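An overview of the molecular structure
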Amino acid sequence: MKTTSTVAVLSLLSALSFGAFAADSITSEQAQNRQSIGTVSVGAIASSPMDMNAMLSKKADEQGATSYRVIEAHNGDQWHATAELYK
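Reading the values: the criteria
- Residues numbered from 1 in each chain as written.
- Predicted model: local features only at pLDDT ≥ 70, side-chain atom pairs only at ≥ 80, totals over all residues.
- Heavy atoms only, no water.
- Helix = DSSP H or I, 4+ residues; strand = E, 2+ residues; numbered from the N terminus.
- Expected span 1.5 Å × (residues − 1).
- Buried < 20%, exposed > 50% of the residue type's maximum accessible area, 1.4 Å probe, protein only.
- Arc of directions from axis to C-beta.
- Pairing = 2+ DSSP bridges.
- Salt bridge = Lys/Arg side-chain N within 4 Å of Asp/Glu carboxyl O.
- Contact = heavy atoms within 4.5 Å.
- Axes fitted to C-alpha atoms, helices over the stretch in contact; angles between N-to-C directions.
- pLDDT = per-residue confidence, 0-100.
- Core = buried A, V, L, I, M, F, W, Y, C linked by side-chain atoms within 4.5 Å.

Along the polypeptide, Gln30 turns up in helix H2 (residues 28–31). Residues Gln30 and Arg69, 39 residues apart in the sequence, show an inter-C-alpha distance of 9.2 Å.

Shown next as structure tokens:
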């Protein structure tokens, strides 16, 4: 259940800070009308959800994505998140 709540937190934070990044975080519903171009993963020790969101956005930008959707996230000794990228 911790993964589900972490994904919800990341989604909420990304929605609140969408203007700060070029690639926007989107919901599952928004993703239905977009073309998937792959996935990216990030991980960091002592990182916050906002830091993870920024890292995902940066990686999405580097891959030429206009948006991304967090599909998996968890924390323990370190944060880890995976996002699907979209054009």
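As a further point, take helix H3 (residues 49–62). An α-helical turn contains 3.6 residues, so any two residues separated by three or four positions project in the same direction. The end-to-end C-alpha distance of H3, which contains 14 residues, comes to 20 Å, matching closely the 20 Å that a straight helix rising 1.5 Å per residue would cover. Those residues of H3 that sit buried are Pro49, Met52, Asn53, Leu56, Ser57 and Ala60. Seen along its axis, H3 keeps its buried residues to an arc of 135°; they face one direction. Away from its buried face by more than 90 degrees, H3 exposes Lys58 and Glu62.

Attention now moves to the pairing of strand E4 (residues 78–86). Of all the nine residues making up E4, seven are buried; the element is thus mostly covered by neighbouring parts of the structure. The turn linking strand E3 (residues 67–74) back onto E4 is made up of three residues.

Before going further, it helps to examine the pattern of salt bridges. Applying the stated criterion across every chain yields a total of one salt bridge. Across the pair Glu84 and Arg69 runs a salt bridge, and its minimum N-O distance is 3.1 Å. With Glu84 in strand E4 and Arg69 in strand E3, this residue pair connects regions lying 15 residues apart in the sequence. Assigned by exposure class, Glu84 and Arg69 land together as buried.

The four strands lie next to each other as E1-E3-E4-E2, forming an open sheet whose pairing is mixed. Sheet topology places strand E1 (24–25) and strand E2 (36–45) at the edges, where each strand pairs with a single neighbour. Strand direction decides the pairing type here: E2 and E4, joined by nine bridges, are antiparallel. If you follow Val42 over to E4, its bridge partner there is Ala81. Its contacts with the sheet put H3 on E1, E2, E3 and E4, and the angle it makes with E2 is roughly 140°.

Another aspect to go through is the confidence of the model for the protein chain. Scored by pLDDT, the protein chain has a mean of 82; 76% of the residues are at 70 or more. Here helix H1 (residues 2–16) stands out as the least confident element of the protein chain, with mean pLDDT 53; H2 is the most confident, with 95. Note on residues 15–21: pLDDT under 50 across the span, and five contacts to partners over four residues away in sequence or across chains.

It is worth spelling out the nonpolar core at this point. Grouped together as the largest cluster of nonpolar side chains are 15 residues, with contacts concentrated most on Met52, Leu56, Ala60, Tyr68, Ala81 and Leu85. Put simply, the parts of the chain that give this core at least two residues each are E2, H3, E3 and E4.

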